Amino acid sequence: MRPDILNPLFAETDTLDGVGPKLRRPLEKLGLIRLRDIAYHLPDRFVTRRAVESLDKTSEGEQIVLALTPTEHRAPRNNRGPYRVLAQDSIGNICALTFFGRASYTAKKQLPVGEKRWVAGKLDRFGDMLQIVHPDHIEKESSASLAQLTEPVYPLSEGLTQPRISGLIEQALARLPELPEWIEQSQLDKEEWPDWHDALHLSHKSEHARARDRLAYDELLANSLALMLVRADNRSRRGQPLKGDGQIRAKLELPFPLTGAQKRSIAEIEGDLVQEAPMLRLLQGDVGAGKTVVALEAMLIANEAGKQAALLAPTEILARQHYETIRSMAAPTGVEVAILTGRDKGKARESILMGLMDGSIDILIGTHAIFQESVNYRDLGLVVIDEQHRFGVEQRLRLAGKGRQTPHTLAMTATPIPRTLSLAQYGEMDVSRLDEMPPGRKPIITRVMSMERMGEIVDGISRHLETGQQAFWVCPMVHENEKLDLAAAEDRFAALRERFGDRVVLVHGQMKPEEKDAAMERFVKGEVKLMVATTVIEVGVDVPNATLVVIEQAEHFGLAQLHQLRGRVGRGSEQAVCLLLRSEHLSETARRRLALMRETQDGFRIAEEDLELRGGGELLGTRQSGDTPFHIASLEQITRLLPAAHADARLLMERDGGLASERGQAARVLLYLFERDWGVQLLRGG
Ligand code: ADP
Ligand code: MG
């Protein structure tokens, strides 16, 4: 049970003044559900604005405060478009104040035509016009103080403003309890870190690196500890040794010889499976390295030992793809392969549930539906989890509870994680690496082109589609405002549709999952030829006929992401091409990133360099931690602080593995605070 001392932090946000059903939604969109989340909603950066007399005295990109008088309100042309208020400075220059979605109601009220207002925000440009998107402040009174204030800038979602979220954070901070110290005193002294309570307050007030480090360290320590508890628990469990006799595997008729790396990984897995302690192994291999067949061999070993195996995929489409591949590869062996996803209902579902219970199904493939309460296996011996990073440790533990005894677990990921991060994410697992590609792969041709050559690029796509092959067009997420991004993707889609008609489809993250799946499926089946997408295509869809990927404003993507996106092509026998479209002006880091993409296709090298490049360019704790399990710690902080946190956790485990001492108790509070209490629960259970 959660220690009582944490209760105030786990109260829901609507216990704060001013939070009703209306504000709850935008908060939830940011993952802010409890006071804890609000208190940990740390600023991306701080701004200090400059008061200016007129628009002539400033330039694009600057944070300013100035007096403006609204002259005209322009309602949007469609319901996606922005609401614009045109306003005039003291000498008649015009600028637009731009609002998306519900913010436009505020605009109507706060910006009456003809009345002067003090507006604070970041100046940018829309076409020929200067604009301020979602001003941070709009006030009646002269506000010199607005200009002097150093203010935190928080990540927002639609329906939230900076003053709004600041007010909520203030309330949440006022309710912080005092918590026992879980970091070693000597560590605190050495680093001159504030205690937890002060660290949170300071982090919201100014760029306080030591406070941010302490908060990041807390998260890293919690994670390391939890992983070690899982590991210790796993070691102490009795599983079922699985020894295959090779009979089923002998019947496989693979169309290719296995690579050395595949053979080695299979041998490592085989070695784990004969042990009594359940396997916890990660199979790491770049896109296209051939993880599926390794998973199949592992599952067949389980079948030879008389057990069932299950493969969990992160999405419906991936589950179906795996099902088709594995069923056809396994056909000569005679094992029974079935699929179960959220879509299977009624009779079909019943019959699969029966088959699992009576043991006639040997291999089950599906989405998380395969581990629901109502799904019972006769004898589950092995669980394979594809695209592991999408599933948390908690889910993995839930799966572990499905067998009569703890089943063996094989997790797979294509995300090439640098060694330091791998410790954080998979600290409790053994790792096999597929570091060798199947022979005969043609390297993907990677070219960097300026966006200005759009005409040529579109002609190129046209020729490409004429050959019958397909293509991806990836639009970036670059604005702080996701509506602007979506609008850009929709514009691109509209432009491409003018040229290619209904051969183009648009897929983005705001679509309902069913709509998205349906659009993807039309592409997979070849009904549409060109998919315009935001980064939703990142995770493992396999369309061998798609041999061209165009990545727009490639400089906005991280290296690891570019690598993943490029990996969507080059899976068939045709030569694949990746076009990285760049803007005219590039930072030095962006230039190096794109150059590296041209230079190598080695995911591990890219991952290491990505970390280095990102680490260098990062300020504060900018949370670009994307594929990591962390919300507070940035990549740079992870690299710098994780080794110490890991060592600290190990020391604590050695001294007090049951977390019973005073510091052990404090560590329990930490684990609950970061919701990594699965570790503590294991302690109690075992
Ligand atoms: P991933 O690691 O991305 O999951 P897959 O398992 O989907 O990769 O394999 C990618 C492609 O490579 C598939 O078409 C698969 O049949 C093929 N493949 C796998 N192993 C080999 C091999 N040893 N030799 C040749 N082709 C292989
Ligand atoms: Mg795969």
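Residues numbered from 1 in each chain as written. Chains lettered and ligands numbered in written order. Predicted model: local features only at pLDDT ≥ 70, side-chain atom pairs only at ≥ 80, totals over all residues. Heavy atoms only, no water.

Trainee: Where do I start with the sheet that holds strand β17 (residues 445–450) in this structure?
Mentor: Hydrogen bonds between backbone atoms are what pair the strands of a sheet, whose relative direction is either parallel or antiparallel. Pairing within the open sheet is parallel, and its six strands lie in the order β17-β22-β21-β18-β20-β19. Each having just a single partner strand, β17 and β19 (504–507) make up the two edges of the open sheet. Going from strand to strand, the sheet's axes swing by 20° on average, the running direction of each strand aside. As defined by bridge partners, β19 adjoins strand β20 (residues 530–533) across four bridges and the pair is classed as parallel. Opposite Val507, over in β20, you have Ala533 as the bridge partner. Relative to strand β18 (residues 470–474), helix α15 (residues 454–466) is tilted by about 150°, and along the sheet it contacts β17, β18, β20, β21 (546–551) and β22 (577–582). Helix-sheet contacts for helix α17 (residues 513–524) involve β18, β19, β20 and β21, and the interaxial angle to β19 is about 145°. (Pairing = 2+ DSSP bridges. Helix = DSSP H or I, 4+ residues; strand = E, 2+ residues; numbered from the N terminus. Axes fitted to C-alpha atoms, helices over the stretch in contact; angles between N-to-C directions. Contact = heavy atoms within 4.5 Å.)

Trainee: Can you help me understand the nonpolar core in this one?
Mentor: One broad rule of soluble globular proteins: the nonpolar side chains tend to lie buried together. With 66 residues, the main nonpolar core has Leu27, Trp182, Trp196, Leu200 and Leu673 as its most contacted residues. Of all the secondary-structure elements, those providing two or more residues to this core are α1 (21–29), α2 (35–39), α5 (162–174), α7 (196–205), α8 (209–236), α21 (635–656), α22 (662–673) and α23 (678–685). Looking at which element gives the most residues to this core, the answer is α8, with 13 residues. Membership of the second largest hydrophobic core comes to 39 residues, among which are Ile248, Met299, Tyr323 and Ala330. (Core = buried A, V, L, I, M, F, W, Y, C linked by side-chain atoms within 4.5 Å. Buried < 20%, exposed > 50% of the residue type's maximum accessible area, 1.4 Å probe, protein only.)

Trainee: Even after reading the chapter, I still don't get the site of ligand 1, so can you show me in this structure?
Mentor: Taken together, 15 residues are adjacent to ligand 1, and Gln262, Gly288, Lys291, Thr292 and Arg441 come closest. At a separation of 2.6 Å, an oxygen atom of ligand 1 approaches a polar backbone atom of Gly288. Thr292 has a polar side-chain atom sitting 2.6 Å from an oxygen atom of ligand 1. When ligand 1 is considered free in solution it has 560 Å² of accessible area, and contact with the protein chains removes 76% of it. Taken together, the residues of the shell around ligand 1 break down into six nonpolar, five polar and four charged. (Near = heavy atom within 4 Å. Polar contact = N/O pair within 3.5 Å; in protein donor to acceptor, adjacent residues only side chain to side chain. Areas by Shrake-Rupley, 256 points an atom, 1.4 Å probe, with all protein chains shown as cover. Nonpolar A, V, L, I, M, F, W, Y, C, P; charged D, E, K, R; others polar.)

Trainee: How do you make sense of unusual backbone geometry when you look at a structure like this?
Mentor: Generally, phi is negative for residues other than glycine and the peptide bonds are trans, each holding for most cases. A positive phi angle, close to 50°, is found at Gln553, a residue other than glycine. Relative to the helices and strands, Gln553 resides in the loop between β21 and α18 (559–566). The backbone of Glu675 shows a phi angle near 50°, a positive value even though the residue is not glycine. Its place among the elements puts Glu675 in the loop between α22 and α23.

Trainee: Before we go on, may I ask you to explain the domain arrangement of the chain in this structure?
Mentor: Bring the parts together and some accessible area is lost; that lost area is often taken as the interface size. Partitioning the chain into domains gives domain 1 (45–153), domain 2 (257–434) and domain 3 (445–600). Taken together, the contact pairs 14 residues of domain 2 with 13 residues of domain 3. In this assembly, domain 2 packs against domain 3 so that about 1000 Å² is buried in total across both faces, 56% of it on carbon and sulfur atoms. Broken down residue by residue, the surface that domain 2 buries against domain 3 is led by Val287, Ile317 and Gln321, which jointly contribute 48%. Of the charged contacts, one joins Arg343 and Asp517 as a salt bridge, the two residues approaching to 3.7 Å between their closest N and O atoms. Applying the counting criterion to the domain 2 and domain 3 interface returns one residue pair in polar contact (both at pLDDT 80 or more). (Domains from an automatic or database assignment. Buried area = accessible area lost by both parts, 1.4 Å probe. Salt bridge = Lys/Arg side-chain N within 4 Å of Asp/Glu carboxyl O.)

Trainee: What is the right way to look at α17 in this model?
Mentor: The α-helix advances 3.6 residues per turn, and as a result positions three or four apart in sequence lie on the same side. Compared with the 16 Å implied by 1.5 Å per residue over 12 residues, the 16 Å span of α17 between its first and last C-alpha is a close match. The complete set of buried residues in α17 reads Asp517, Ala519, Met520 and Phe523. Taken down its axis, α17 places every buried residue within 165° of arc, on the same side. Where α17 is buried, its residues touch α11 (316–330), β18, β19, β20 and β21. Phi turns positive one or two residues past the end of α17, at Gly526, with a value near 85°. (Expected span 1.5 Å × (residues − 1). Arc of directions from axis to C-beta.)

Trainee: Got a minute to help me understand the pattern of salt bridges in this structure?
Mentor: Where charged atoms from two side chains of opposite charge come close, those side chains can pair. Scanning all chains against the criterion turns up 38 salt bridges. Put simply, Glu521 and Lys525 hold a salt bridge, and the shortest N to O gap is 3.9 Å. By relative accessible area, which is 25% here, Glu521 ends up partly exposed. Across the pair Glu527 and Arg522 runs a salt bridge, and its minimum N-O distance is 3.7 Å. Relative accessible area serves as the criterion here: at 37%, Arg522 is assigned to the partly exposed category. Taken together, the shared-partner salt bridges in this structure form one network comprising Glu316, Arg320, Arg343, Asp517, Glu521 and Lys525.

Trainee: Quick question: what am I supposed to make of the pairing of strand β3 (residues 63–74) here?
Mentor: Looking along a regular strand, one sees the side chains alternate between the two faces of the sheet. Pairing of strand β2 (residues 50–51) with β3, which is carried by two bridges, proceeds in the parallel orientation. Considered in β3, the bridge of Ala51 is made with Val65. Alignment of β3 against strand β4 (residues 83–88), held across five bridges, turns out to be antiparallel. Its bridge partner being in β4, Thr69 is matched across the sheet by Gln88.

Trainee: How should the sheet that holds strand β13 (residues 363–366) be read in this particular structure?
Mentor: One open sheet holds the seven strands; their spatial order is β12-β13-β11-β14-β15-β10-β16, and the pairing between them is parallel. The two strands at the open ends of the sheet, each matched to only one other strand, are β12 (337–340) and β16 (430–434). Strand-to-strand twist in this sheet, taken as the mean axis angle between neighbours without regard to direction, amounts to 20°. Pairing geometry for strand β10 (residues 280–285) and strand β15 (residues 408–413), over five bridges, is parallel.

Trainee: Whenever I open this one, a positive patch on the surface confuses me. Can you help?
Mentor: Judged by side-chain charge, Lys22, Arg25, Arg102, Lys109 and Arg164 come together as a positively charged surface patch. With respect to the secondary-structure elements, Lys109 resides in helix α3 (residues 103–110). (Patch = residues over 30% accessible without salt bridge, like charges linked within 9 Å, V, L, I, M, F, W, Y side chains within 5 Å. Lys, Arg positive; Asp, Glu negative; His and termini not counted. Charge placed at Lys NZ, Arg CZ, Asp CG, Glu CD.)

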